[in-house]
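Architecture and fold: a report
One-letter residues, chain by chain:
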Amino acid sequence: MELPSPTIAMLGCFDTKAEVFARLREQLLVSGAQVIGINAGIFGSTDRISVDVEADYLASLAGTSIEALRKKNNRAHALERMAAGAAKLLRALYEEGKISGVIGMGGGGGTYLLLKAMQVLPLGFPKVCLSTLATRDVSHLVGVKDIVLIPSVVDVAGLNAIIRPLIDQAAAAIVAMAKVPEQKSNGVKGVVAISMFGNTTDCVNACTRLLEQKGYEVMAFHANGVGGKAMEALIREGVFDAVMDLTTTELADELCGGILSAGPDRLTAAIEGGIPCLLAPGCLDMVNFGTPDAVPEAYVNRLFYQWAPDVTLMRTNEQENFELGRQIAEKLNQSRAKESIRVLLPLRGFSQLDAPGNHFYDQKCTAALKRAWETYLDPGIEQMSLEAHINDMGFAGVAVDLLLDLLEKKQSGGSGSAGRFSTES
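Each value, and the rule that gives it
- Residues numbered from 1 in each chain as written.
- Predicted model: local features only at pLDDT ≥ 70, side-chain atom pairs only at ≥ 80, totals over all residues.
- Heavy atoms only, no water.
- Helix = DSSP H or I, 4+ residues; strand = E, 2+ residues; numbered from the N terminus.
- Buried < 20%, exposed > 50% of the residue type's maximum accessible area, 1.4 Å probe, protein only.
- Contact = heavy atoms within 4.5 Å.
- Areas by Shrake-Rupley, 256 points an atom, 1.4 Å probe, with all protein chains shown as cover.
- Lys, Arg positive; Asp, Glu negative; His and termini not counted.
- Charge placed at Lys NZ, Arg CZ, Asp CG, Glu CD.
- 1 Å grid on protein atoms, 1.4 Å probe; cavity = no way out; pocket = protein on both sides within 12 Å on 5 of 7 lines; lining within 4 Å.
- Points joined across faces, edges and corners; volume = space filled by probe spheres on them.
- Nonpolar A, V, L, I, M, F, W, Y, C, P; charged D, E, K, R; others polar.
- pLDDT = per-residue confidence, 0-100.
- Salt bridge = Lys/Arg side-chain N within 4 Å of Asp/Glu carboxyl O.
- Pairing = 2+ DSSP bridges.
- Axes fitted to C-alpha atoms, helices over the stretch in contact; angles between N-to-C directions.
- Phe/Tyr/Trp six-rings, centres within 6.5 Å; stacked < 30°, edge-to-face > 60°.
- Core = buried A, V, L, I, M, F, W, Y, C linked by side-chain atoms within 4.5 Å.
- Expected span 1.5 Å × (residues − 1).
- Polar contact = N/O pair within 3.5 Å; in protein donor to acceptor, adjacent residues only side chain to side chain.
- Right-handed = clockwise from strand over helix to strand, strands pointing away.

A few words now on the overall build of the protein chain. Across its full length, the protein chain holds 14 helices and 14 strands. With the C-alpha coordinates aligned to their principal axes, the bounding extent of the protein chain is approximately 75 × 55 × 40 Å. The 425 residues of the protein chain split such that 53% are buried. Summarising the internal contacts of the protein chain: among those between residues at least 6 apart in sequence, 73% fall at separations of at least 24. Of the roughly 18500 Å² of accessible surface on the protein chain, 50% is carried by carbon and sulfur atoms. In the protein chain, which carries 39 positive and 49 negative side-chain charges, the distance between the mean positions of the two groups comes to 4 Å.

On to the layout of surface pockets, then. Computed from the structure, the second largest pocket encloses a volume of approximately 360 Å³. C13, I42, F43, R75 and L79 are, among the 22 residues lining the second largest pocket, the residues nearest its centre. Put simply, the parts of the chain that give the lining of the second largest pocket at least two residues each are helix 3 (66–72), helix 4 (75–95), strand 3 (101–106) and helix 5 (108–118). The residue inventory of the lining of the second largest pocket, partitioned by class, reads nine nonpolar, nine polar and four charged.

Taken residue by residue, the protein chain gives an average pLDDT of 93. The fraction at 70 or more is 95%. Here residues 414–425 is a poorly scored stretch, pLDDT under 50, and it has 38 contacts once near neighbours within four places are set aside; other chains count.

According to the stated counting rule, one finds one cavity of 30 Å³ or more in the structure shown. In terms of lining, the largest cavity is formed by E232, I235, V243, D245, L267, A270, I271 and C277. For the lining of the largest cavity, the secondary-structure elements that each account for two or more residues are helix 9 (226–236), strand 8 (242–245) and helix 11 (269–273). Here the residues of the lining of the largest cavity sort into six nonpolar, no polar and two charged.

Next up on the list: the pattern of salt bridges. Enumeration according to the criterion identifies 19 salt bridges in this entry. Put simply, R91 and E95 hold a salt bridge, and the shortest N to O gap is 2.9 Å. Placement of both R91 and E95 in helix 4 is noted, with a separation of four residues, approximately one turn of the helix. Relative accessible area serves as the criterion here: at 55%, E95 is assigned to the exposed category. Here the salt bridges share partners, and the residues they tie into one network are E232, R236, D245, E250, R266 and E272.

Next up on the list: the sheet that holds strand 1 (residues 7–12). Read from one edge to the other, the open sheet built from five strands follows the order 2-1-3-4-5, with strand pairing classed as parallel. At either margin of the open sheet sits one strand with a lone partner, and together these are strand 2 (34–39) and strand 5 (148–151). Direction aside, neighbouring strands of the sheet carry axes that sit 20° apart on average. Bridging between strand 3 and strand 4 (residues 127–131) involves five bridges; their strand directions are parallel.

In this section: the packing of aromatic side chains. Scanning the entire structure with this criterion turns up six aromatic pairs. Here F14 and F21 contribute two aromatic rings whose centre-to-centre distance is 4.9 Å and whose plane-to-plane angle is 55°, an arrangement assigned as tilted. Assigned by exposure class, F14 and F21 land together as buried. Ring geometry for F289 versus Y299: centroids 5.8 Å apart, planes at 40°, classification tilted. Linking F289 in strand 10 (residues 286–289) with Y299 in the loop between strand 10 and strand 11 (304–308), this pair joins segments that are 10 residues apart in sequence.

Turning our eyes to something else, we now look at the nonpolar core. Judged by nonpolar contacts, the single largest core of 36 residues is most densely connected at L11, I38, L58, M82 and L90. The set of elements that each furnish at least two residues to this core consists of strand 1, strand 2, helix 2 (55–61), helix 3, helix 4, helix 5 and helix 6 (139–142). Ranked by the residues each element gives to this core, the list is headed by helix 4, at nine residues. Apart from the residues within four sequence positions on either side, L58 is in contact with I38, N39, A40, V53, M82, G85, A86 and L89.

Counting along an α-helix, one turn takes 3.6 residues, and residues three or four places apart therefore face a common direction. Between its first and last C-alpha, helix 7 (residues 163–179) extends 24 Å over 17 residues, near the 24 Å set by a 1.5 Å rise per residue. All buried positions along helix 7 are accounted for by I163, L166, I167, D168, A170, A171, I174, V175 and A178. Next to the buried residues of helix 7 lie strand 1, helix 1 (18–30), strand 3, strand 4 and strand 5.

Another aspect to go through is the side chain of S152. When you line up the elements, S152 lands in the loop between strand 5 and helix 7. Take S152: its relative accessible area is 1%, and that puts it in the buried class. A distance of 3.4 Å separates a polar side-chain atom of S152 from the backbone nitrogen of T132.

On to the pairing of strand 6 (residues 190–196), then. Where burial is concerned, most of strand 6 is hidden: seven out of the seven residues are buried. In this sheet, strand 7 (residues 216–222) lies alongside strand 6 in parallel orientation, the contact comprising seven bridges. Each residue of the ladder has a partner; that of V192, found in strand 7, is V218. Handedness of the strand 6-helix 8 (residues 201–213)-strand 7 crossover: right-handed. The pairing of strand 6 with strand 8 spans three bridges and is classified as parallel. Bridging from a neighbouring strand, V192 pairs with A242 of strand 8.

Moving on, we come to the sheet that holds strand 11. Spatially, the three strands line up as an open sheet ordered 10-12-11, and their pairing is antiparallel. Unpaired on one side and paired on the other, strand 10 and strand 11 mark the two borders of the sheet. In this sheet, neighbouring strand axes are inclined to one another by 30° on average, regardless of whether the strands run parallel or antiparallel. Pairing between strand 11 and strand 12 (residues 311–315): four bridges, direction antiparallel. The residue of strand 12 that forms the bridge with F304 is M314.

What follows is the structure in structure tokens.
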């Protein structure tokens with residue numbers, strides 16, 4: 001069956017890069033797509049290609065005007081405003097079902113504008129950027145979004161033997177991506193997000209098997225900073241029916257300045273959304289640093305474990321565990337659906353290293369976190385301590401039972417919705 005022609009939003013600064021965008025538009029059409037040309041350049045337009053949305057409209061969406069931006073003569077400000085306007089337009093086009101993908105090209109300023117604008121589009125929606133910065137670290141602009149970056153190799157300033165085939169390939173890529181049909185649910189009961197680390201793998205694998213046996217699809221996120229951010233973003237997009245936050249170690253990195261922090265918003269999406277959440281202190285016994293010489297001087301006398309040549313784990317102490325417990329409690333207490341949260345504490349250790357006889361095992365630290373939860377956690381949030389290690393099969397069984405109970409109560413009050421990333425059988 002032949003799929004309908006996709007409509008691609010082509011975004012960029014047509015005032016200075018009309019030649020390359022003309023080539024891109026031509027190749028999009030050749031590949032079987034329809035094109036909505038969106039000009040974000042504040043110094044004019046072009047008659048070389050069909051422009052469907054001019055820069056003055058984007059400026060108005062951002063609460064300003066092209067004249068005001070030109071008069072201010074501040075390039076950074078102009079890029080910020082035009083990116084905001086482009087984001088509003090792309091979001092509206094997406095929500096109205098008028099576009100199937102978005103593509104753009106640019107140098108430093110153009111890349112900033114494109115990546116900022118694409119942030120409003122959900123994961124799974126095709127996004128491609130041909131950029132001079134594609135081989136540099138632009139993670140702060142990409143964030144957790146699935147934006148495909150293609151190196152332009154040469155500047156995006158005109159057609160030549162190097163950039164021409166790259167433009168053609170980028171056009172073919174976005175059209176092919178846009179033609180992939182949205183995958184429908186295969187009848188799973190729901191979709192569950194689960195956080196994991198190497199030190200909690202046994203627990204996560206066991207929970208995953210048990211949930212799959214009950215008809216749930218499970219998506220695991222590596223708690224390495226980026227993974228936690230991605231999980232939080234997808235929770236906010238409504239992808240999941242529940243969360244098993246078994247590996248909250250990113251909070252320890254945020255507290256102690258480790259390299260795998262997911263930022264201060266970690267652990268807030270499920271709370272704000274009110275979806276069922278089972279939380280455990282997985283790997284709160286450790287903070288991640290790089291090579292041994294990268295450990296901050298303030299920590300030189302602490303207990304360490306060399307997980308890999310470039311991964312140095314530091315044992316959190318009693319004070320830090322108490323503070324982590326307090327912070328978690330204060331975040332959970334903000335929930336307006338406290339009945340949808342369960343907290344489960346494994347009294348025999350939080351990670352593979354924090355097990356009886358192993359390197360990080362310290363019952364005083366476990367007791368400090370327990371004391372913090374008992375002190376600060378709202379009585380409306382059910383907490384349970386289990387005489388087990390986090391990687392024990394018994395712990396996994398109790399954790400899954402608690403989550404299933406939350407899901408059943410949630411679904412009995414209204415029909416659940418299977419996440420949109422479920423796949424057809």
